[in-house]
Amino acid sequence: MTSSDPARTSASTSPASFEAPNFDAIVIGGGHNGLTAATLLAQNGRKVIVLEAAESTGGAMRGFEFHPGYCSAGLAHIVNRLDPDVAKLLKLDSKGRRAETLPTVALSPDGKHAVLRGGYGETIDGISQAEMKAFAAMRKKLVFQAGILKRFLKRRPPEIGKVGMSDLSTFAGAGFSLITKGREEGRDFLRMLLMNVADVADEYLSDDRLKGLVAFDATLGIHLGPRSPTSLLGLYYRLTGETDGATGAQHVPQGGMATLAPAFENAAAAAGVTIRTGVHVTRIVADRGAATGVILSTGEQLNASAIVSAIHPQATFLSLCDTAELGTGFVRSISNVRSKGNVAKLDLALERPPTFTGVSSADHRGRLVIARSIAHVEDAFNPAKYGEFSTDPVLEITLPSLANPDLAPSGGATLSALAEFAPYDLKGGWESGKPAFEAIILETLERYAPGLSKSVVASNLMTPADMETQYNLPGGHWHHGELQADQLLINRPVNAAAGYATPLSGLYLASAGSHPGGGISGLPGLLAARHILSERP
Amino acid sequence: MMLEMNTRRALQGHIATPRFETPFHPRIAAISETSDWYTWAGYKAPHSVFDEELEYFAIRSTAALFDISPMVKYRIAGPDAERYLNRLTVRNVAKLSTGRVHYTAWCDDHGHVLDDGTLFRLSADTFRLCCQERHLPWLLDSAIGFDVGIEEETMQIAGLALQGPTSFAVLSNAGFDCIERLKPFQLADFPHEDGSVTISRTGFTGDLGYELFVPAEAALSLWDRLWTAGQLHGIRAIGYAALNRARIEAGFIVANADFMTAETALRADRARMPDEIGLEWLVDTEKPNFNGRKAILEARRNQTLKHVLVGLEIEGNIPADGAIIYHRKKHEAGLVSAAIWSPLAKRNIAIASLTRPYGTRLTEDLWVEIYALRELQYQKMMKRARIVPRPFIKLDRRAAAPPGLF
């Protein structure tokens, strides 16, 4: 950047002198959060354009063909927290086809699995009655506590020093729901809030399969092991999600995950949003504290009173903004956001649908988890602390082609597996690490689904480093920043930009890097758009 | 065993010299009569050399040599240096031409002053920033997104302030040709030995004076050159006590003496915005964005500025250092951070911080409570204080061009 750069000098002249097209809002990034924000803004009469760098929208849900005839539906392979208001806004249910709630199979090496049904194990097959009772007690406790936290997830985080009436009513509501349950519940909530998931699981459960599963779910996508302090927050987060009105439930939409991204795009288009794909934003135009437009790689400039960045906060501020327009302290804290992914995703092209020993054919449509015990998850995490991948990884598996046969040629099948832990900064680099890790994952799968490896036609392993390049995700972190206590609520992504507005007036954040965080929920986009609408009459 | 002991001793040398010595230390130590040292940014520096009183009069009557090597110095260079400094500091660096120096300040994101200092523009894209506190982490983090290099050169560069009416005569006599062309806040390089010395017409005394910067290796030869040339012009080495008197007369503030810097303040309410320490005139709100801009403008707009720094003239002749200021002898209004009886102004002067509206809306009926310790008994006095403009003294010779030969 030199002082003659158009990004800076242009704004010092009067904005009126521009012939540039003007919008009320420019949304950077056509992921589900960007599209959600754009849809809400457009439905409220704003003139909105979405700019997507890739050839199609969908963000992390953007699918791709990884072998002739075989497609992956993208990074997300199951829905477990799509917000009902977002679904309503986008009219995702309008076809009246309700997707069935899918089971979770906690795989056991001996073929005797535990199968959780309903919303996160309302009933469980394959466990003792006593264990069912214990799990139900834990589930009830955690769902109740997650419900208290949930009050804070569907609203803008309170601003310290500027707590308003509605913030107070949320606090009061949270307090009231605790009080009405008695003093014991209040104490227990404060006792457990920052605990580790392993201790909580040990407190209630004795079945290693169930313990392994909750340990896995609490730490999926987070740089924590089950014994790390605060790891229970990840499970709370999971349990704040609901699907079809059922807490903790999960499904794959009718027709598969690949139908979701187009549904978001269609909703935006129906609301009147202009969508441009294959265009890179190279600069957010700002001068003396105010953002007024964007510059595209074509050299074109677009202006708007609101620039909504639905991409990673670090990409927003460190790549698109001139840091001169931001404070040193702000740049420092944005640079320090912890955002290094830990999960690899394996897509397999198979000759025929695989059979996991001991799993009923219907349950193959669900979520299969390989996490034998708490110790297994903890042991899988340990090497990640030192920049190594796990030699005995924990896995979450789905078979996408069962819901969407179009993903594979007739008779064939696809398998999608999330494998932990696979640190972004692998010691020795992923180039040599990748084949080794892939072999380990395949070996693991083979143990539970004998014969699977012989039917592999092709495979595609995406490490966090690959996700970074392929999905423009700094650090390859699908939550756009660690979901840990210090990066939540009023500190997500950093305190000075926690309420969707940023130090640059006119620039707003709307990605998973903002409150309430990642997963296919649409909430960051929804809340950001609501905030923008509340600001300007 | 004995050997082991000796090896250990050899490694413990730093214990014997817990403070760094400046490159000029051998000369100052040799002439020091008072052996009165204090610590300045980790360096052993003279508080006085032979007599505080006489050293002050060397500044005002002849020429005083003061070692400023401990002053923290950063070299900031690169294609983006101007743009970088414009974002870092509150003043407009685009208006600082090559070969000029300006006084400036820099703030954190909340508009709280991190430090004040002088910025030297050595070339189009090379600067030297001089200040009281160390800021390397802040300066490096500020460089994210800029093509600029930042190096601390406090140790490598030795500095001397030569201040007083005969300072020009001393330099002239020392053979610095064309030194008369230097106008206030101008700098130039002059040959010295095999290399050069950077001389600027700047200082901290409000008097005619210069500051000289050389590589540490050339320090002693520069000292000797000035010392020899200054013999007939009354050159004296001085310590901080004398300089402090002169700077109070000149109305200059000192970081962490007259205001707390944002990074050293432990209490949240001690940090100060430029407008709260008399530096509002530095802030250029028209230039491109800079650290603290938004917060400063907001504080101005919302009138949330809490303090104001003023000059006071106090009746009597007892310095009111550290005294509490009252409004109508009753309501606490502020604190005196520096005070002396000014021999030049023949007035009892002080620099003080007042809590607004004292000092802004309420400027009359201010009183200073002075406790004078007289032979183990305090005598408490309420003295009337009047807000007066700074500087307390104005010397024509400071800015005269060409400077006078005294």
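Residues numbered from 1 in each chain as written. Chains lettered and ligands numbered in written order. Predicted model: local features only at pLDDT ≥ 70, side-chain atom pairs only at ≥ 80, totals over all residues. Heavy atoms only, no water.

Participant: Can you tell me about the overall build of chain A, naming the residues and giving the values?
Facilitator: Within chain A one finds 17 helices and 19 strands. For chain A, whose C-alpha radius of gyration is 23 Å, the value lies close to the compact-globule estimate of 24 Å for 537 residues. Along the first, second and third principal axes, the C-alpha atoms of chain A reach 70 × 60 × 50 Å. Taken across its 537 residues, chain A has 61% of its residues classed as buried. (Helix = DSSP H or I, 4+ residues; strand = E, 2+ residues; numbered from the N terminus. Rg over C-alpha atoms; globule rule 2.2 N^0.38 Å. Buried < 20%, exposed > 50% of the residue type's maximum accessible area, 1.4 Å probe, protein only.)

Participant: Break down the nonpolar core for me, with residues and values.
Facilitator: All names here are of chain A. Counting 54 residues, the largest nonpolar core has I124, F135, L142, L210, V214, L232 and L235 as the members making the most contacts within it. Beyond its immediate sequence surroundings of up to four residues, V214 is in contact with Y120, F135, M138, V197, A201 and L235. Counting 45 residues, the second largest nonpolar core, distinct from the first, contains V27, L35, A42 and V79. (Core = buried A, V, L, I, M, F, W, Y, C linked by side-chain atoms within 4.5 Å. Contact = heavy atoms within 4.5 Å.)

Participant: Tell me about the packing of aromatic side chains, and name the residues and values.
Facilitator: For any pair of aromatic rings, the description consists of the separation of the ring centres together with the inter-plane angle of the planes. Within the structure shown, the criterion is met by 19 aromatic pairs over all chains. Consider the rings of A:F152 and A:F171, whose centres lie 5.6 Å apart with planes at 45°: the pair is tilted. Pair noted here: A:F152 is in helix 4 (residues 129-153) and A:F171 is in helix 5 (residues 165-179), with a separation of 19 residues, a long-range link. Overall, the relative accessible area of 38% leaves A:F171 in the partly exposed class. Centre to centre, the rings of B:F176 and B:F190 are 6.1 Å apart; their planes meet at 80°, and the pair counts as edge-to-face. (Phe/Tyr/Trp six-rings, centres within 6.5 Å; stacked < 30°, edge-to-face > 60°.)

Participant: Mind laying out the packing of helix 11 (residues 313-320) of chain A against helix 12 (residues 328-335) of chain A, listing which residues take part and the relevant values?
Facilitator: Residues and elements named next belong to chain A. Orientation of helix 11 relative to helix 12, taken along the N-to-C sense of each, is 135°, at an axis distance of 10 Å. Classified by the angle between their axes, helix 11 and helix 12 sit oblique to one another. Relative to helix 12, helix 11 is oriented so that their crossing is left-handed. The segment helix 11 lies against helix 12, with P313, Q314, F317 and L318 engaging F330, V331, I334 and S335. Here the contact of helix 11 with helix 12 is built from residues that sort into six nonpolar, two polar and no charged. (Axes fitted to C-alpha atoms, helices over the stretch in contact; angles between N-to-C directions. Parallel < 35°, antiparallel > 145°, perpendicular 65-115°, else oblique. Left-handed = near helix turned anticlockwise from the far one by under 90°. Nonpolar A, V, L, I, M, F, W, Y, C, P; charged D, E, K, R; others polar.)

Participant: Please set out helix 5 of chain A residue by residue, giving values where relevant.
Facilitator: Residue and element names in this part refer to chain A. Here helix 5 contains 15 residues, and its C-alpha end-to-end distance of 20 Å stays within 8% of the 21 Å for a straight helix at 1.5 Å per residue. Where helix 5 is concerned, the buried positions are D167, T170, G173, A174, S177 and L178. Along the axis of helix 5, the buried positions cluster into a sector of 135°, meaning they face one direction only. Away from its buried face by more than 90 degrees, helix 5 exposes M165, F176 and I179. If you follow the buried residues of helix 5, they end up packed against helix 4 and helix 6 (183-192). (Expected span 1.5 Å × (residues − 1). Arc of directions from axis to C-beta.)

Participant: Tell me about unusual backbone geometry, and please be specific about residues and values.
Facilitator: Residue and element names in this part refer to chain B. Following R356, the chain continues to P357 via a peptide bond in cis, the omega torsion being 10°. The phi angle at S35 is positive, at roughly 45°, despite the residue not being glycine. Tracing the backbone shows S35 in the loop between helix 3 (25-31) and strand 2 (36-40). Here S35 falls in the exposed class, since its relative accessible area comes to 53%. Phi is positive for R328, close to 55°, though the residue is something other than glycine. Note on placement: R328 falls in the loop between strand 16 (324-327) and strand 17 (331-342). On the basis of relative accessible area, R328 is assigned to the exposed category, the value being 56%.

Participant: Which residues make up the side chain of A:R238, and what values go with them?
Facilitator: Residues and elements named next belong to chain A. If you trace the backbone, R238 turns up in helix 9 (residues 232-239). For the buried residue R238, which engages in no salt bridge, the nearest side chain bearing the opposite charge is D217, 4.5 Å off. A polar side-chain atom of R238 sits 3.3 Å from the main-chain carbonyl oxygen of G248. (Lys, Arg positive; Asp, Glu negative; His and termini not counted. Salt bridge = Lys/Arg side-chain N within 4 Å of Asp/Glu carboxyl O. Polar contact = N/O pair within 3.5 Å; in protein donor to acceptor, adjacent residues only side chain to side chain.)

Participant: Mind laying out the interface of chain A and chain B, listing which residues take part and the relevant values?
Facilitator: The interface is formed by 18 residues belonging to chain A together with 19 residues belonging to chain B. Interface area lost by chain A to chain B is led by A:R288, A:T328 and A:R332, which between them contribute 44%. Applying the counting criterion to the chain A and chain B interface returns three salt bridges. For B:D141, the salt bridge is made with A:R332, and the minimal N-O distance between the two is 2.5 Å. Along the contact surface separating chain A from chain B lie 15 residue pairs in polar contact (both at pLDDT 80 or more). Broken down by element, the side of chain A that touches chain B gets its largest block of residues, six residues, from helix 12 of chain A. (Buried area = accessible area lost by both parts, 1.4 Å probe.)

Participant: I'd love a proper account of the sheet that holds strand 12 (residues 195-200) of chain B, names of residues and values included.
Facilitator: Residues and elements named next belong to chain B. Pairing is mixed in the open sheet, where six strands are placed in the order 11-12-13-10-4-14. The outermost strands of the open sheet, each flanked by one partner alone, are strand 11 (187-192) and strand 14 (235-237). Each strand of the sheet is rotated relative to its neighbour by a mean of 25°, with strand direction disregarded. Examined bridge by bridge, strand 4 (residues 63-67) and strand 14 share three bridges and lie parallel to one another. Of the residues in strand 14, the one forming a bridge with A64 is R236. On top of the sheet, helix 8 (residues 219-230) reaches strand 4, strand 10 (157-163), strand 11, strand 12, strand 13 (209-215) and strand 14; it is set at about 140° to strand 14, its chief contact. (Pairing = 2+ DSSP bridges.)

Participant: Tell me about the sheet that holds strand 16 of chain B, and please be specific about residues and values.
Facilitator: Residue and element names in this part refer to chain B. Around the barrel, which closes on itself, the six strands sit in the order 15-18-17-16-19-20 with antiparallel pairing between neighbours. Direction aside, neighbouring strands of the sheet carry axes that sit 40° apart on average. When strand 16 meets strand 17, the two strands line up antiparallel, connected through four bridges. The residue of strand 17 that forms the bridge with I325 is G334. This element, helix 9 (residues 240-250), spans strand 17 and strand 18 (347-355) of the sheet and lies at about 120° to strand 17.

Honestly, that's just the spatial picture; any functional story needs more than this.
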